[in-house]
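Analysis of the macromolecular model
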Amino acid sequence: GRGFADIACAQPAFTIPALTGQNFATVTGKNAIYRLDLTTGAMQPITTTCPVAPESVAWDSQTNLVYYTEVGGTSATTNRLYSFNTTNFTHSLVTNLNAATGYALSSSPKNLVYIFGDLYTIQGDDDLVRIKVTGSTANLTKIADLSGNTRNFGTVGAAALSTGGL
């Protein structure tokens, strides 16, 4: 079978839908983003021209953008956030996350969720971090300690959203 590195689902501004609509995934080491059929598990590439191999993806249904981070981003030049426009099929560099203000990431996000206009990621320990993008800059804010600093989650490869939150 095929494996996937991360998944993102459509999340309208004020309601959280059932697992329907646009679902996206990446495959480690491939410069591609795939549409994922949650019923069959089939993946169809929607782009194979990503400028980097995506590690995590998040879907903004309001702007038709799939946000993604690059695999292994840790240096000043490799911790970047990109977007893929599913309407005109173009990729854009959004920002370098190492140049963001606020919270300092310990590594490239390995999970992303888009909700209510912002991106969210869980860093290696238990920090829930909001990535607020404005133009070509980002501000990172630690929103919560998910376990009250009592656990280290290690590498969180995917995050999902339910009506109760992350």
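The paragraphs below set out a description of the structure included in this document. Please read all numbers here as calculations on a predicted model, not as lab measurements.

To continue, consider the overall build of the protein chain. Per the secondary structure count, the protein chain includes zero helices and 13 strands. Going from the N terminus to the C terminus, the protein chain shows its helices and strands as β-β-β-β-β-β-β-β-β-β-β-β-β. By the burial criterion, 43% of the 166 residues in the protein chain qualify as buried. Within the protein chain, counting contacts between residues at least 6 apart in sequence, those at least 24 apart form 41% of the total.

On to the packing of aromatic side chains. Taken as a whole, this structure holds four aromatic pairs when the rule is applied. Seen from their ring centres, F24 and W59 are 5.0 Å apart, and the 50 degrees between their planes marks the pair as tilted. Of this pair, F24 sits in strand β2 (residues 23-26) while W59 sits in strand β5 (residues 54-60), placing them 35 residues apart in sequence. Ring centres of Y68 and Y82 lie 5.4 Å apart, and the angle between their planes is 10 degrees; this geometry places the pair in the stacked category. Linking Y68 in strand β6 (residues 65-70) with Y82 in strand β7 (residues 80-85), this pair joins segments that are 14 residues apart in sequence.

Further remarks concern the pairing of β6. For β6, the buried fraction is high: six of the six residues fall into the buried class. Side chains L65, Y67 and T69 of β6 all project onto a buried face; the interleaved residues V66, Y68 and E70 project onto the opposite face, where all are buried too. Summarising the sheet, β5 and β6 pair through six bridges and their orientation is antiparallel. Bridging across to β6, W59 finds its partner in V66. Between the end of β5 and the start of β6, which pair antiparallel, lie four residues, with N64 showing a positive phi angle near 60 degrees. Examined bridge by bridge, β6 and β7 share five bridges and lie antiparallel to one another. Within β7, the position partnered with L65 by the bridge is N85.

Turning our attention to the pairing of β2. Residues N23 and A25 of β2 are buried on one face, and the alternating residues F24 and T26, pointing to the opposite face, are buried as well. Relative to strand β3 (residues 33-36), β2 runs antiparallel, the two being bridged by two bridges. When the sheet's bridge partners are listed, F24 is paired in β3 with R35. Between β2 and β3, which follow one another and run antiparallel, lie six residues, and G29 among them has a positive phi close to 85 degrees.

Reading the values: rules and limits
- Residues numbered from 1 in each chain as written.
- Predicted model: local features only at pLDDT ≥ 70, side-chain atom pairs only at ≥ 80, totals over all residues.
- Heavy atoms only, no water.
- Helix = DSSP H or I, 4+ residues; strand = E, 2+ residues; numbered from the N terminus.
- Buried < 20%, exposed > 50% of the residue type's maximum accessible area, 1.4 Å probe, protein only.
- Contact = heavy atoms within 4.5 Å.
- Phe/Tyr/Trp six-rings, centres within 6.5 Å; stacked < 30°, edge-to-face > 60°.
- Pairing = 2+ DSSP bridges.

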